[in-house]
Amino acid sequence: MAVENACACGEKLSEEELLAKLDEVLLEYKDKPGALIPVLQIAQGMLGYLPETALKRIALGLNKPYSEVAGVVSFYAFFSTSPRGKNVIRVCLGTACYVRGGKNVLDALKHQLKIDVGETTKDHLFSLEVARCFGACGLAPTIAINDKVYKRVRPTKVGEILEQYKEAAKQGEAHG
Amino acid sequence: MPTLTIDNVKVEVAAGATILDASRKAGIRIPTLCYMEKVQAIGACRVCLVEVEGAKTLVASCVMPAGEGMKVKTNTKRVREARRMVVELLLSDHDGDCQTCNRSGDCELQALARELGIKEITYPGAKGRKLIDDSTPALTRDSAKCIHCRRCVAVCSQIQGVGALFPQSRGFKSVIGPAFAQNLDTVTCVQCGQCAAVCPVGAISERDQIDEVWAALDNPKKHVIVQTAPAIRAALGECFGLPPGTLVTGKMVSALRRLGFHAVFDTNFTADLTILEEGTELLTRLKKALVDKEKVALPMYTSCSPGWIKYVEHFYPDIREHISTCKSPQQMFGAVAKTYYAEKIGKKAEDIFVVSVMPCTAKKYEAQRPEMNSSGVRDVDVVLTTRELGRMIQQAGIDFVNLPDDKMDSPLGISSGAADIFANTGGVMEAALRTAYEIVTGKQLPAENLHIKPIEGLQGVKEASLKITGAVPAWSFLEGVTVNVAVAHGLSNARKVIERMKSGEANYHFVEVMTCPGGCIRRRRPAARDHRRGADEAHRRHLPRGRREETPQVAREPGSRPDIQGVPRQAARREIAPPAAHAL
Ligand code: SF4
Ligand code: SF4
Ligand code: FES
Ligand code: FES
């Protein structure tokens, strides 16, 4: 399974190279208490998601049962064990957003993308996740796509937002 | 040393003790579910709530430290209602089909509901996931019955050092199980069944194989025989309300005959064989190392505990060669029954059906291992646990308590007595050493020559040294040699021994490992309730009776048994399996 991913500098690394980097991280964190969550965050940052091979390496590297590593990964919505789409959509269901209809926005997105929370579209363009509070409660309901936060989102308007990303992807392909 | 008052009883406890400890000292019962003495106190289930004067909320007594001058009430309206609500909430998410549950009558949740006087469940609502896992020969899991007490998690990781179980996911999706809620056969579970032994409900239990035994008994073509492990005769009585540890050997034999078994044998017979083989193997390895200067795998580890073998295959595949190639008594019995005994009674191996009654779920797994068919067919067909045999006797409508005594069949039915201590931690090592000593010196091992002592700071591991003097000529190279041995019970303790060997901190020749804490004898308990009271005390209560049968037998050394001669030796050896496919 080839993991296509780029690190910050834009250069592509093979899965092997990425896992070798992970081993370095593991050596550094090995004896630190409470290392599991930071290591998982780093690994997800490097690989884009947390494949089984990486999780098993982490378990061995930190000397923790695999069941515990998996338990932590499956507890936090932030962690993903399947490759995520090019664009990660996070819908805020914090109190303010929930009250102002965040759930309806989420339903609209599920409907448009034909996926459930935690899933990725077949074309790998979008993944859908839920989040708690982006600190923009005054402008609820909010969603974030990658690092961009959209405020006062109407369920009827999500189509338009998605369209921009689909368009950008097409442009990218044409140039690529 | 705080002194506190619980329900008007004054009690003084050691610093660091909890309210629960104090109440037990004062003889006041507080119900618990998630708590396990010395193993787990996490305050998760809230069943142990009590009222402390001056505190705003009720507190969980299993984690709340006892304070000087505290005034505790364990039986107020508020406490009763809160406990009831806690259990009602557990029940509302519990798949409560008690009538068909194999733990009915022996379930802590059921008992608690009755004890707290719950008459209806006022919180109907969503239920968790129902995942059934019957992927292993030893265990069945049903996530819908799980109450998330995490006792299994604690024993699997702390006592066994396996860590196959952990809470997965969250909310109603949450299950206690292997990574990503997979089945047990995909992970490093060693099938020891410690999780099933501590589960308060029917969420993890031994695989029920009673019907397979009934089918064989109903089949006129099959000659169905049964072997019973030493631990069973002291445990079975408890299924019928007799006090823990009561020896019911005679009644058990009667019951087995009434169930329709054609012959009833004692696993002790082959335990003697195991001891003899194991002692000889140790000597052979020592000779190779000392005289022939060959490279042999030392220390030699015992091989009778199948959970331990699986543990090594998963976690330390590099020491597989160190495990004795002797089969466990159960498997030797199966092999001998389907070869030697089959020939004696003029039957074919495939017409004999061997049932074992064992204290341990891993024995179910052991019997299914592919290499365990030296008779050409499966050597042991079905393994029942004590609980299953108890249920089978009930199904047959047998009035167990009033049965007359009966005797085991021979020649497979007498034993040296050396094997009687086999089920205890240290028993296999001691018996094998005695045998080896006698072979080497021609004399019995004087009791004072073997000093087994605990290792400072290492609970669950003991060691001993034995200096050999007066060796007969054939074994003269062992004259003056000191044999170092160690005994570990509970797999996390076994790990300590392996690590000590690896780091060069210790140099043993022979190591006994039993998968279960306290050895097989601890596993003979049919009920899980001991774990609430504290395993140590329970062990102490059982021990003297387990050792009791040692005395009346005739011959001490298994080698001196006439009936053992002539038993085919190849039946006694097992093959070393190739490395396990998955390491995690
Ligand atoms: S059988 Fe033993 S190793 Fe397997 S999950 Fe249960 S406690 Fe852990
Ligand atoms: S399986 Fe049994 S022991 Fe484990 S958490 Fe569930 S109820 Fe508790
Ligand atoms: S609740 Fe959604 S931004 Fe705060
Ligand atoms: S919270 Fe005390 S026994 Fe569970």
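Treat the numbers as computed from the prediction; the structure is a model and nothing was measured.

Undergrad: I tried to follow the layout of surface pockets on my own but got confused; where do I start?
TA: Gaps between atoms show up when a probe of the same size as a water molecule is rolled over them. All names here are of chain A. The volume enclosed by the second largest pocket comes to roughly 1000 Å³. Taken together, 28 residues make up the lining of the second largest pocket; nearest its centre are Ser74, Phe75, Tyr76, Ala77 and Phe78. The residue inventory of the lining of the second largest pocket, partitioned by class, reads 14 nonpolar, seven polar and seven charged.

Undergrad: Would you take a moment to explain the site of ligand 2 for this structure?
TA: Inspection of the region around ligand 2 gives 13 residues, with Cys146, Cys149, Arg150, Cys152 and Cys199 of chain B positioned closest. For the shell around ligand 2, the class distribution of residues is 10 nonpolar, one polar and two charged.

Undergrad: Even after reading the chapter, I still don't get the sheet that holds strand β11 (residues 223-228) of chain B, so can you show me in this structure?
TA: For sheets, the rule is that strands pair by backbone hydrogen bonds, running either parallel or antiparallel. Residue and element names in this part refer to chain B. Here we have four strands laid out as an open sheet, ordered β12-β11-β14-β15, and parallel in their pairing. Every other strand in the sheet has two partners, leaving β12 (263-266) and β15 (382-385) as the edge strands with one partner each. The sheet shows a mean angle of 25 degrees between the axes of neighbouring strands, direction not considered. Pairing of β11 with β12, which is carried by four bridges, proceeds in the parallel orientation. Following the sheet pairing, Gln227 is matched in β12 by Phe265. Lying over the sheet, helix α6 (residues 210-218) contacts β11, β14 (352-358) and β15, oriented at roughly 125 degrees with respect to β15.

Undergrad: Would you explain a nonpolar patch on the surface in this entry?
TA: Taken together, the side chains of Ile37, Phe75, Tyr76 and Phe78 of chain A make up a nonpolar region of the molecular surface, amounting to roughly 340 Å² of accessible area. Take Phe75 of chain A: it is sitting in helix α4 (residues 66-75).

Undergrad: Is there a simple way to explain the interface of chain B and chain A in this structure?
TA: Note on interface size: it is often stated as the accessible area lost on association of the parts. The interface is formed by 14 residues belonging to chain B together with 14 residues belonging to chain A. Surface buried jointly by chain B and chain A totals about 1100 Å² across both partners, of which 69% is contributed by carbon and sulfur atoms. At the boundary of chain B with chain A, the tally comes to zero salt bridges. There are five residue pairs in polar contact (both at pLDDT 80 or more) connecting chain B and chain A.

Undergrad: Would you mind going over the site of ligand 1 with me for this structure?
TA: By nearness alone, every residue bordering ligand 1 is listed as Leu139, Cys156, Val162, Ala164, Leu165, Leu184, Cys189, Val190, Gln191, Cys192, Gly193 and Cys195 of chain B. Of the residues belonging to the shell around ligand 1, the class tally is 10 nonpolar, two polar and no charged.

Undergrad: Is there a simple way to explain the confidence of the model for chain A in this structure?
TA: The predicted coordinates ought not to be read in detail in places where the model reports low pLDDT. Residue-level pLDDT values for chain A average 88, and 91% of them are 70 or greater. For the stretch residues 1-10 of chain A, pLDDT sits under 50, and the model shows 15 contacts to residues farther than four places along the chain or on other chains.

Undergrad: I'm lost on the nonpolar core in this one. Help?
TA: Side chains that are nonpolar tend, in soluble globular proteins, to be buried together. Core analysis: the largest hydrophobic core is formed by 62 residues, its most contacted members being Leu33, Val87, Leu109, Leu165, Ile204, Tyr301 and Trp308 of chain B. Counting only elements with at least two residues in this core, the list comes to α2 (77-92), α3 (108-115), α4 (151-159), α5 (194-198), α9 (306-315), β18 (482-489), α14 (491-502) and β19 (510-514) of chain B. The element that contributes the greatest number of residues to this core is α2 of chain B, accounting for six residues. Each residue touching Leu165 of chain B, except ones within four places of it in the same chain, is listed here: Ser67 of chain A together with Cys152, Val153, Cys156, Gly177, Pro178, Leu184, Cys195 and Ile204 of chain B. Counting residues in hydrophobic clusters, the runner-up holds 44 residues, among them Ile232, Phe240, Ile393 and Leu403 of chain B.

Undergrad: I'm lost on the confidence of the model for chain B in this one. Help?
TA: Residues and elements named next belong to chain B. This prediction gives chain B a mean pLDDT of 85; 85% of its residues lie at or above 70. The low-confidence segment residues 524-557 (pLDDT under 50) makes 98 contacts with residues lying over four places distant or belonging to another chain. Contacts of residues 578-584 to residues separated by more than four positions or lying in other chains number 16 contacts, the stretch itself having pLDDT below 50. Model confidence for the complex is summarised by a pTM of 0.83, with the ipTM given as 0.81.

Undergrad: Which parts of the structure should I look at to understand the side chain of Thr302 of chain B?
TA: Residues and elements named next belong to chain B. The residue Thr302 is located in the loop between β13 (300-301) and α9 in this model. In terms of polar contacts, Thr302 uses its side chain to reach the backbone amide nitrogen of Val513, at 3.0 Å. The residues touching Thr302, leaving out its near neighbours within four places in the chain, are Glu278, Trp308, Ile323, Val428, Phe510, Val511, Glu512 and Val513.

Undergrad: Please clarify how unusual backbone geometry should be interpreted in this entry.
TA: Keep in mind that most residues, glycine aside, have a negative phi and that most peptide bonds are trans. Each neighbour pair has its own omega, and for Ala140 of chain A with Pro141 of chain A the value is -5 degrees, a cis peptide bond. One can find Pro141 of chain A in the loop between β2 (126-131) and β3 (143-145). Cis geometry marks the peptide bond from Leu298 of chain B to Pro299 of chain B, where omega comes out at 5 degrees. Assignment of secondary structure puts Pro299 of chain B in the loop between α8 (268-290) and β13. Residues other than glycine seldom take positive phi values, yet His124 of chain A does so here, at roughly 60 degrees.

Undergrad: Mind showing me how you'd approach the domain arrangement of chain B here?
TA: Residue and element names in this part refer to chain B. Here the domain parsing of chain B yields domain 1 (3-75), domain 2 (92-206) and domain 3 (276-325 + 416-534 + 554-572). Each partner contributes residues to the interface: domain 2 has 21 residues there, and domain 3 has 19 residues. The largest per-residue losses of area from domain 2 upon contact with domain 3 belong to Glu108, Gln160 and Val190, which jointly make up 29% of the total buried on that side. Counting every contact that joins domain 2 to domain 3 gives zero salt bridges. Taken together, the links from domain 2 to domain 3 amount to five residue pairs in polar contact (both at pLDDT 80 or more). Looking at the side of domain 2 that touches domain 3 residue by residue, the class counts come to nine nonpolar, eight polar and four charged.

How each quantity is defined
Residues numbered from 1 in each chain as written. Chains lettered and ligands numbered in written order. Predicted model: local features only at pLDDT ≥ 70, side-chain atom pairs only at ≥ 80, totals over all residues. Heavy atoms only, no water. 1 Å grid on protein atoms, 1.4 Å probe; cavity = no way out; pocket = protein on both sides within 12 Å on 5 of 7 lines; lining within 4 Å. Points joined across faces, edges and corners; volume = space filled by probe spheres on them. Nonpolar A, V, L, I, M, F, W, Y, C, P; charged D, E, K, R; others polar. Near = heavy atom within 4 Å. Pairing = 2+ DSSP bridges. Helix = DSSP H or I, 4+ residues; strand = E, 2+ residues; numbered from the N terminus. Axes fitted to C-alpha atoms, helices over the stretch in contact; angles between N-to-C directions. Contact = heavy atoms within 4.5 Å. Patch = residues over 30% accessible without salt bridge, like charges linked within 9 Å, V, L, I, M, F, W, Y side chains within 5 Å. Areas by Shrake-Rupley, 256 points an atom, 1.4 Å probe, with all protein chains shown as cover. Salt bridge = Lys/Arg side-chain N within 4 Å of Asp/Glu carboxyl O. Buried area = accessible area lost by both parts, 1.4 Å probe. Polar contact = N/O pair within 3.5 Å; in protein donor to acceptor, adjacent residues only side chain to side chain. pLDDT = per-residue confidence, 0-100. Core = buried A, V, L, I, M, F, W, Y, C linked by side-chain atoms within 4.5 Å. Buried < 20%, exposed > 50% of the residue type's maximum accessible area, 1.4 Å probe, protein only. Domains from an automatic or database assignment.

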